[in-house]
Amino acid sequence: MARITIIETGRVPQKYRERHGSFPDMFERMVRAEDPTATVDVVSIPNGDALPDPSKLEAVLITGAAAGVYDGLDWIAPLEDFVRTAYARKTPMVGVCFGHQLIAQALGGTVRKSEKGWGIGRHVYQVLPENGVIDGEAVAIACSHQDQVIEAPDDALTILSSEFTPHAGLLYANGATLTVQPHPEFDVEFAQVCCELRDGKAPDELVAMARASLAEPMDSAKLGGAITRFLARR
């Protein structure tokens, strides 16, 4: 039975939280869809929770956030230290969106706001063959980001990629760290909310195309299942 500690780094806007839940709620639904016996603990940075000792955790999942990893907020450096300790101890660890970028930055990669602008809606990512974690040739997943991993850390192998996001999924050399840019925890309804939140911030045509793209099939359950199994590795 997996015991996963979710590090919440950002909040769902209050307007949407009652209907959709928090980011940890979304991840818990994702995890339990694959493993109903999993135990989930939440450490909330926005609520002021202290980071735990990685040596006492079985598995870690770091969520998305509206913040940028380069913003210099007072909790980012301690979280990077946490990541480096967990990495050295080979604690199973997954990062999604902000978590993907934070882990990359902590381990020597480069993250910045992309000149390509907003990535929203359903994006299709090519899967590196025989990577040992994600099956198939491609996965279609909802995304919502401007920031990207521009240069992957030396210890990272890119296993998901697209023209828009070349380093969309990274598998690390310690064998216990996996990160992805898109959001397998989002259902279609919340992915539509993310498009709504870009009204007036992203070009109208891009937002309209992103909304329309979410009518196409997605592989969220497939990627979510792969992440859950990865975290349950012993």
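Here the structure is shown first, and the text comes after it.
The following refers to the structure shown. (Residues numbered from 1 in each chain as written. Predicted model: local features only at pLDDT ≥ 70, side-chain atom pairs only at ≥ 80, totals over all residues. Heavy atoms only, no water.)

## What about the environment of Lys-90?
And then number 1: Summarising the element assignment, Lys-90 is placed in the loop between helix 3 (76-89) and strand 4 (93-96).
And then number 2: Lys-90 gets classed as exposed once you look at its relative accessible area, which sits at 52%.
And then number 3: Along the chain, Lys-90 and Gly-175 lie 85 residues apart, while their C-alpha atoms are 7.4 Å from each other.
And then number 4: Setting aside its immediate chain neighbours within four residues, Lys-90 contacts Asn-174 and Ala-176. (Helix = DSSP H or I, 4+ residues; strand = E, 2+ residues; numbered from the N terminus. Buried < 20%, exposed > 50% of the residue type's maximum accessible area, 1.4 Å probe, protein only. Contact = heavy atoms within 4.5 Å.)

## Structural notes on the environment of Asp-147
And then number 1: Looking at where Asp-147 falls in the secondary structure, it is placed in strand 8 (residues 147-151).
And then number 2: Since its relative accessible area comes to 9%, Asp-147 is described here as buried.
And then number 3: As for Asp-147 and Gly-117, which are separated by 30 residues in sequence, their C-alpha atoms are 8.4 Å apart.
And then number 4: For Asp-147, the contacting residues outside a window of four places in its chain are Gly-68, Tyr-70, Gln-101, Val-111, Arg-112, Lys-113, Ser-114 and Gln-181.

## Digging into the pattern of salt bridges
And then number 1: This model, assessed by the stated rule, comprises eight salt bridges.
And then number 2: A salt bridge links Glu-196 to Lys-15; the shortest N-O distance between them is 3.8 Å. Here Lys-15 lies in helix 1 (residues 14-20) and Glu-196 lies in helix 5 (residues 188-196), a separation of 181 residues in the sequence. (Salt bridge = Lys/Arg side-chain N within 4 Å of Asp/Glu carboxyl O.)

## Quick word on the sheet that holds strand 3 (residues 60-62)
Sheet strands pair via backbone hydrogen bonds, and the direction of the pair is either parallel or antiparallel.
And then number 1: Pairing within the open sheet is mixed, and its nine strands lie in the order 2-1-3-4-11-10-9-6-7. Lying at the two open borders of the sheet, with one neighbouring strand each, are strand 2 (39-44) and strand 7 (138-145). Adjacent strand axes in the sheet meet at a mean angle of 25 degrees, parallel and antiparallel pairs treated alike.
And then number 2: Strand direction decides the pairing type here: strand 9 (residues 156-161) and strand 10 (residues 169-172), joined by four bridges, are antiparallel. Residue pairing for strand 10: Thr-158 is matched across the bridge by Leu-170. (Pairing = 2+ DSSP bridges. Axes fitted to C-alpha atoms, helices over the stretch in contact; angles between N-to-C directions.)

## Considerations on the pairing of strand 11 (residues 177-180)
And then number 1: Burial along strand 11 is two-sided: the face carrying Thr-177 and Thr-179 and the face carrying Leu-178 and Val-180 are both buried.
And then number 2: Bridging between strand 4 and strand 11 involves four bridges; their strand directions are parallel. The partner of Gly-95 across the bridge, within strand 11, is Thr-179.
And then number 3: Sheet topology note: the strand 10/strand 11 ladder contains three bridges and is antiparallel. By the bridge assignment, Leu-170 is partnered in strand 11 with Thr-179.

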